[in-house]
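Letter by letter, the chains look like this.
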Amino acid sequence: MQVATTRIKTNSQHHLTIGGVDALQLADTYQTPLVVYDVDAIREQIHQFQQAFAEQHVNYVISYASKALAITAIYQVLAQEQVHVDVVSGGELYTAMQAHFPMKWVSFHGNNKSMAELEMALQQHVGVIIVDNFYELQLLQKLASKYPQPTAVMLRINPGITAHTHEYDQTGQEDSKFGFDWSSGQATRAAEAVLQTQSLKLVGIHAHIGSQILETQGFKLLAQKLGAVMKTWEQELHYRADILNFGGGFGIQYTKSDQVIAPRQFVQTLVQTLRDTLNTSDLPMPTIWIEPGRALVGPAGYNLYTIGARKDIPGYLPYVSVDGGMGDNLRPALYQAQYEAVLARAPQAPIQEKVRLSGRYCESGDILISQLDLPATKPGDVLAMLDTGAYGYSMASNYNRVPRPAVVFAEQGRAQEVVRRESFADLTHLDQSYNLN
Ligand SMILES: Cc1ncc(COP(=O)(O)O)c(C=O)c1O
Ligand SMILES: N[C@@H](CCCC[NH3+])C(=O)O
């Protein structure tokens, strides 16, 4: 079956276009494998979330989860669109600093932040630290006392909600490494500890139930749970949260079988459920935060590959190999993630065969798409894998000593390289010669 025409754009030559630029021209100019973002599409997704909140008449913050794609250029676009970011490492924080991203719009996540990372975050005056566990709380108590102003923190609580998604993408179930457990009382003990620490200021409550969630039920349960936590802490601790942060996880369409949920529907579910939950109390609506990663950059990304070898085995689907694979997109190998792909020179050409799209890495599991419908292809043809924008380049590796691809941003018919392709020299850049004597 062909890819739906709504999922791709073409030009007068019927070639695939990305951000208004011909995909064949991109492959020719920057070579393949290549990661390309349609920046208009990123902005459009942001605007959809912003619009959805505006319709609900609530105070809100959209904080992009950097882990989906953490490069200088994305921080620049986000700052322009007034979107906050979360970072989960010193490296992501450093990248945001290099992009001159406003530090007051940064929140710092992570289940094992080091002392050095926390110190870096405090020195940079990031907006808020999202505290994950008691060890981190101890580290922060030591560090924060050196600063004249109290450090803003949120507590990440584990709400005990099992999201409907791949097991590796679940984070809100009780048995998880993330956050203070709610049901056993850990979260309330953590809140008491923060409230008793003068150098810390508890600004809100956070939870994140998982990623690539394609139903609203989990978010409904989450809004009920955080609303209940807010009420409990108001009664028991006389603490009123200014912010409820519902994390990310808003799923996107990878293939025809994924039923997409619009940003508006996710936002409506969260806000209305919270309103209903708080209705029975005299608590005001807090500011609502969300942390979408995948939903902002996923649909905007394309991985361009060139077809090389082909292997036909009687009785089996052919293997059609491309010049990239698990080194630039680990998701199929790691999560059996499904994608669609099209031939860049003729994305609407009639389908002629079913193939296995295999990567170039020395792993049998390096199959990018296990059943792909394609027109007739030949070596040298450029293929575009769709919706690769989240957790593709950000999880890229140099496995087999293959240099990581370049990243290009395309917008309104203009393309710009925003990450240069690694060279062989880059690969050995950190190696030291071993003195054999
Ligand atoms: C705390 C937190 N917030 C936000 C996200 C972003 O998730 P997604 O990319 O699914 O929106 C993640 C990743 O799962 C996360 O761990
Ligand atoms: N890397 C995951 C999502 C991130 C999960 C982070 N808690 C994926 O590609 O689906």
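My aim in this report is to walk through the structure given alongside it, one point at a time. Remember, predicted model here, so these are calculated numbers, not experimental data.

### Quick notes on the pattern of salt bridges
Inspection of every chain in the model, using the stated rule, returns 17 salt bridges. The closest approach of N and O atoms between Asp387 and Arg7, which form a salt bridge, is 2.9 Å. One end of the pair, Asp387, is in the loop between strand S19 (382-386) and strand S20 (406-411); the other, Arg7, is in the segment before strand S1 (9-10), with 380 residues separating them in the sequence. The exposure class assigned to Asp387 is buried, which follows from its relative accessible area of 6%. Where Glu353 meets Arg310, a salt bridge forms, and the shortest distance between an N and an O atom there is 2.8 Å. You can see Glu353 sitting in strand S17 (residues 353-358) and its partner Arg310 sitting in strand S14 (residues 301-311), a full 43 residues away along the chain. Classification of Arg310 by relative accessible area gives partly exposed; the value is 39%. Shared partners join several salt bridges into a network, and the residues in it are Arg7, Lys256, Glu340 and Asp387.

### Thoughts on the environment of Met285
Residue placement: Met285 occurs in the loop between helix H9 (263-279) and strand S13 (287-290). Remark: the alpha-carbon pair of Met285 and Ala415, spanning 130 residues in sequence, is separated by 43 Å. The contact partners of Met285, leaving out residues within four places of it in the chain, are Val58, Val271, Leu274, Arg275 and Leu278.

### Details of the site of ligand 1
Of all residues adjacent to ligand 1, which total 16 residues, the nearest are His208, Ser211, Glu291, Arg294 and Tyr391. Between ligand 1 and Gly249 there is a distance of 2.8 Å, counted from an oxygen atom to a backbone nitrogen or oxygen. Contacts to ligand 1 include Gly293, whose backbone N or O atom sits 2.9 Å from an oxygen atom. The fraction of the free accessible surface of ligand 1 (390 Å²) that becomes covered by protein chains is 94%. The residue inventory of the shell around ligand 1, partitioned by class, reads 3 nonpolar, 8 polar and 5 charged.

### Section: the pairing of strand S6 (residues 84-87)
Alternating residues of S6 divide into His84 and Asp86 and Val85 and Val87, and every residue in both groups is buried. Here 3 bridges tie strand S5 (residues 60-65) to S6, and the two strands are oriented parallel to one another. Paired with Tyr64 across the bridge in S6 is Val85. Examined bridge by bridge, S6 and strand S7 (residues 106-108) share 3 bridges and lie parallel to one another. Of the residues in S7, the one forming a bridge with Asp86 is Ser107. Each parallel crossover has a hand, and the one from S6 via helix H4 (residues 90-98) to S7 is right-handed.

Each value, and the rule that gives it
Residues numbered from 1 in each chain as written. Chains lettered and ligands numbered in written order. Predicted model: local features only at pLDDT ≥ 70, side-chain atom pairs only at ≥ 80, totals over all residues. Heavy atoms only, no water. Salt bridge = Lys/Arg side-chain N within 4 Å of Asp/Glu carboxyl O. Helix = DSSP H or I, 4+ residues; strand = E, 2+ residues; numbered from the N terminus. Buried < 20%, exposed > 50% of the residue type's maximum accessible area, 1.4 Å probe, protein only. Contact = heavy atoms within 4.5 Å. Near = heavy atom within 4 Å. Polar contact = N/O pair within 3.5 Å; in protein donor to acceptor, adjacent residues only side chain to side chain. Areas by Shrake-Rupley, 256 points an atom, 1.4 Å probe, with all protein chains shown as cover. Nonpolar A, V, L, I, M, F, W, Y, C, P; charged D, E, K, R; others polar. Pairing = 2+ DSSP bridges. Right-handed = clockwise from strand over helix to strand, strands pointing away.

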